[in-house]
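# Overview (structure and organization)
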Amino acid sequence: MSIGHRIENNMGMPQTWGILLLSIAVWRGLAHAQDSKKDIEQIQGTWTMNSIGWGGKELPKDLMAGYKLVFNGDQLAWTGAIGMTSRMGKITPLEGSFPGGFKIDADKKPKEMDISLELKGGRSTLLLGIYEIEGDKLKVCFAGSRSGIRPVDFNQKDKGNTGFMVLTRAKK
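Residues numbered from 1 in each chain as written. Predicted model: local features only at pLDDT ≥ 70, side-chain atom pairs only at ≥ 80, totals over all residues. Heavy atoms only, no water.

### Observations regarding the overall build of the protein chain
Along the protein chain, the regular secondary structure elements total 2 helices and 9 strands. Starting at the N terminus and ending at the C terminus, the protein chain contains elements arranged as α-α-β-β-β-β-β-β-β-β-β. Across the 172 residues that make up the protein chain, the buried fraction comes to 31%. Within the protein chain, contacts between residues separated by at least 24 positions form 46% of all contacts whose residues are at least 6 apart in sequence. (Helix = DSSP H or I, 4+ residues; strand = E, 2+ residues; numbered from the N terminus. Buried < 20%, exposed > 50% of the residue type's maximum accessible area, 1.4 Å probe, protein only. Contact = heavy atoms within 4.5 Å.)

### Quick notes on the pairing of strand β5 (residues 90-105)
The side chains of a regular strand alternate, first on one face of the sheet and then on the other. Sheet topology places strand β4 (residues 75-87) next to β5; 12 bridges connect them, and they run antiparallel. Across the sheet, Ser86 pairs through a bridge with Ile91, a residue of β5. Bridging between β5 and strand β6 (residues 112-118) involves 6 bridges; their strand directions are antiparallel. Within β6, the residue paired with Ile104 across the bridge is Met113. (Pairing = 2+ DSSP bridges.)

### Considerations on the packing of aromatic side chains
Each aromatic ring pair is summarised here by two numbers: the centre-to-centre distance and the angle between the ring planes. One pass over the structure, following the stated rule, counts 3 aromatic pairs. Ring geometry for Phe154 and Phe164: centres 6.3 Å apart, planes at 80°, overall edge-to-face. With Phe154 in the loop between β8 (137-144) and β9 (163-169) and Phe164 in strand β9, this residue pair connects regions lying 10 residues apart in the sequence. By the burial criterion, Phe154 is buried, and Phe164 matches it. If you follow Lys139 out to its NZ or CZ, it ends over the ring of Phe154, 4.8 Å from the centre. (Phe/Tyr/Trp six-rings, centres within 6.5 Å; stacked < 30°, edge-to-face > 60°. Lys NZ or Arg CZ within 6 Å of the ring centre and 35° of its normal.)

### Here's the deal with the nonpolar core
Counting 29 residues, the largest nonpolar core has Met49, Phe71, Trp78, Leu138 and Met165 as its most contacted members. Within the residue set of this core, elements represented by two or more residues are β1 (45-54), β3 (68-72), β4, β5, β6, β7 (124-134), β8 and β9. Setting aside chain neighbours within four positions, we find Met165 in contact with Met49, Ser51, Ile52, Leu69, Trp78, Leu138, Lys139, Val140 and Phe142. Ile130, Cys141, Phe154 and Val166 belong to the second-largest nonpolar core, a separate cluster that totals 5 residues. (Core = buried A, V, L, I, M, F, W, Y, C linked by side-chain atoms within 4.5 Å.)

In structure tokens form, the structure reads like this:
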């Protein structure tokens, strides 16, 4: 009797393993969906930018008045700088109000966030990022999608065009 023949005749064992594996896959999918749902609920509302920078250079705090992110459902409103220039020691933020959306994957390590922003002139951009929520503090490290590279940890904030921001939940 071959092994294949025994498996065909002993349907109880393979079915049990199949059902067990399917159950684990469904459970993991539900757990992932619940983690992302929990983070989506936790991130809702207005967050004030405490710091923002690119390539290890932070925008001076006095230039950040009114900078914030507002999360509403899967939509995002970014008010503030999306970049900065530095000429002859003078830092100039590239700022404005940018509507967009976001998606998160709380199952990844570190947790991932994709931010799409509508820029002036009908252009748009996609930022590939990672995030961390600790109570009323939100950290996001991101890179433009043109690079195709998502930061793998928060230590990459000092690299090239990688952006980094720390936000605090706004008081109601």
